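Below, each chain spelled out in residue letters.
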Amino acid sequence: MWCPEGLDEVEAELLGPAEELKGKEVLEIGAGAAQCSRWLAAQGARPVALDLSHRQLQHALRIGGSFPLVCADAGALPFADASFDLACSAYGALPFVADPRLVLGELRRVLRPGGRFVFSVTHPVRWAFPDEPGPEGLSVSASYFDRTPYVEQGEDGQAVYVEHHRTLGDRVRDIVASGFRLVDLVEPEWPSWNTSEWGGWSPLRGNLIPGTAVFVCERD
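Computed from a predicted model, the values in this text were never measured in an experiment.

Here we look at the overall build of the protein
Within the protein, the secondary structure is distributed over 6 helices and 9 strands. A compact globule built from 220 residues would reach a C-alpha radius of gyration of about 17 Å, and the protein, at 17 Å, matches this within 12%. C-alpha atoms of the protein, sized along the principal axes, occupy 45 × 45 × 40 Å. With the model as given, the accessible surface of the protein reaches about 11,000 Å², and the carbon-plus-sulfur share is 53%. Charge centroids of the protein, computed over 19 positive and 31 negative side chains, lie 7 Å from each other.

What to know about unusual backbone geometry
With phi around 70°, Ala-34 is a residue other than glycine that occupies positive phi space. Phi angles above zero are rare outside glycine, and Tyr-91 is one such case at about 60°. Inspection of the secondary structure puts Tyr-91 in the loop between β4 (84-90) and α4 (100-110). Using a relative accessible area of 24% as the deciding quantity, one classes Tyr-91 as partly exposed.

Description of the pairing of β4
The element β4 is extensively covered by neighbouring structure, given that 5 of its 7 residues are classed as buried. Sheet topology places strand β1 (residues 25-29) next to β4; 3 bridges connect them, and they run parallel. From the neighbouring strand, Glu-28 faces β4, where its bridge partner is Cys-88. Each parallel crossover has a hand, and for β4 linked through α4 to strand β5 (residues 111-122) it is right-handed.

Describing a nonpolar patch on the surface
Nonpolar side chains collect at one region of the surface, where Phe-96, Tyr-150, Val-160 and Tyr-161 lie side by side and expose about 370 Å² of accessible area between them. The residue Val-160 is located in strand β7 (residues 159-163) in this model. Its relative accessible area of 57% is what places Val-160 among the exposed residues.

So, the side chain of Asp-51
By the element assignment, Asp-51 lies in strand β2 (residues 46-51). Within the structure, Asp-51 has its side chain in polar contact with the backbone nitrogen of Ser-53 (distance 2.8 Å). Here Asp-51 is in contact with Gly-30, Ala-31, Gly-32, Gln-56, Leu-57, Val-70, Cys-71 and Ala-72, once residues within four sequence places are set aside.

Concerning the side chain of Asp-170
Along the chain, the position of Asp-170 falls in helix α5 (residues 168-177). At 2.7 Å, the side chain of Asp-170 forms a polar contact with the side chain of Arg-147.

Comments concerning the packing of aromatic side chains
Under the criterion given, the structure shown has 8 aromatic pairs. Judged by centre distance (6.3 Å) and plane angle (45°), the rings of Phe-117 and Phe-180 are tilted. One end of the pair, Phe-117, is in strand β5; the other, Phe-180, is in strand β8 (residues 180-186), and 63 residues separate them in sequence. Classification of Phe-180 as buried rests on a relative accessible area of 3%. With 5.1 Å between their ring centres and 80° between their planes, Tyr-144 and Phe-145 make a pair best called edge-to-face.

What counts as what
- Residues numbered from 1 in each chain as written.
- Predicted model: local features only at pLDDT ≥ 70, side-chain atom pairs only at ≥ 80, totals over all residues.
- Heavy atoms only, no water.
- Helix = DSSP H or I, 4+ residues; strand = E, 2+ residues; numbered from the N terminus.
- Rg over C-alpha atoms; globule rule 2.2 N^0.38 Å.
- Areas by Shrake-Rupley, 256 points an atom, 1.4 Å probe, with all protein chains shown as cover.
- Lys, Arg positive; Asp, Glu negative; His and termini not counted.
- Charge placed at Lys NZ, Arg CZ, Asp CG, Glu CD.
- Buried < 20%, exposed > 50% of the residue type's maximum accessible area, 1.4 Å probe, protein only.
- Pairing = 2+ DSSP bridges.
- Right-handed = clockwise from strand over helix to strand, strands pointing away.
- Patch = residues over 30% accessible without salt bridge, like charges linked within 9 Å, V, L, I, M, F, W, Y side chains within 5 Å.
- Salt bridge = Lys/Arg side-chain N within 4 Å of Asp/Glu carboxyl O.
- Polar contact = N/O pair within 3.5 Å; in protein donor to acceptor, adjacent residues only side chain to side chain.
- Contact = heavy atoms within 4.5 Å.
- Phe/Tyr/Trp six-rings, centres within 6.5 Å; stacked < 30°, edge-to-face > 60°.

Below is the structure:
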């Protein structure tokens, strides 16, 4: 599942038809509890789930799976050049780094020529609106062009959560500058069957403004 809207890889085939994933070596970055890797393994792929958070990978270990879990920085991937056929990330890693080109450059390095990288992030336009599911979340409250990161601090004043804003143009330029070709940009519409509310996500907002941007990239 690529996003809260419910875009399912079985239907979207952004990584390719499910039947063609068998035997493919796939790197998931920002894997969290490795839900995507678990699905990939069920299709016969050979995934590796990578996350910076040891605690998240402990969740993945408890859930189970026969694929490797790697605790490492997405900006310094501990893999040889051209190690993977595909790479993916569903709301992982890229929104949380100040220099996304560092991560994209590492992904290009470890992908084989022609390899595909698909990643989803919060649609950049959402940054201009409050993160509220109701009507209050439909009025612009900030500048879309303000790239000041969102930061949460602990009691000691240290940052405990940081999310970086990139405009749509920033994302495209990062991709191209890192040696990828942008194959597709998917902006999933809110489906009629999805009646759930989660955080700032809701049918009300989803029917009016995009919530997710999915970038489909290939290494030239």
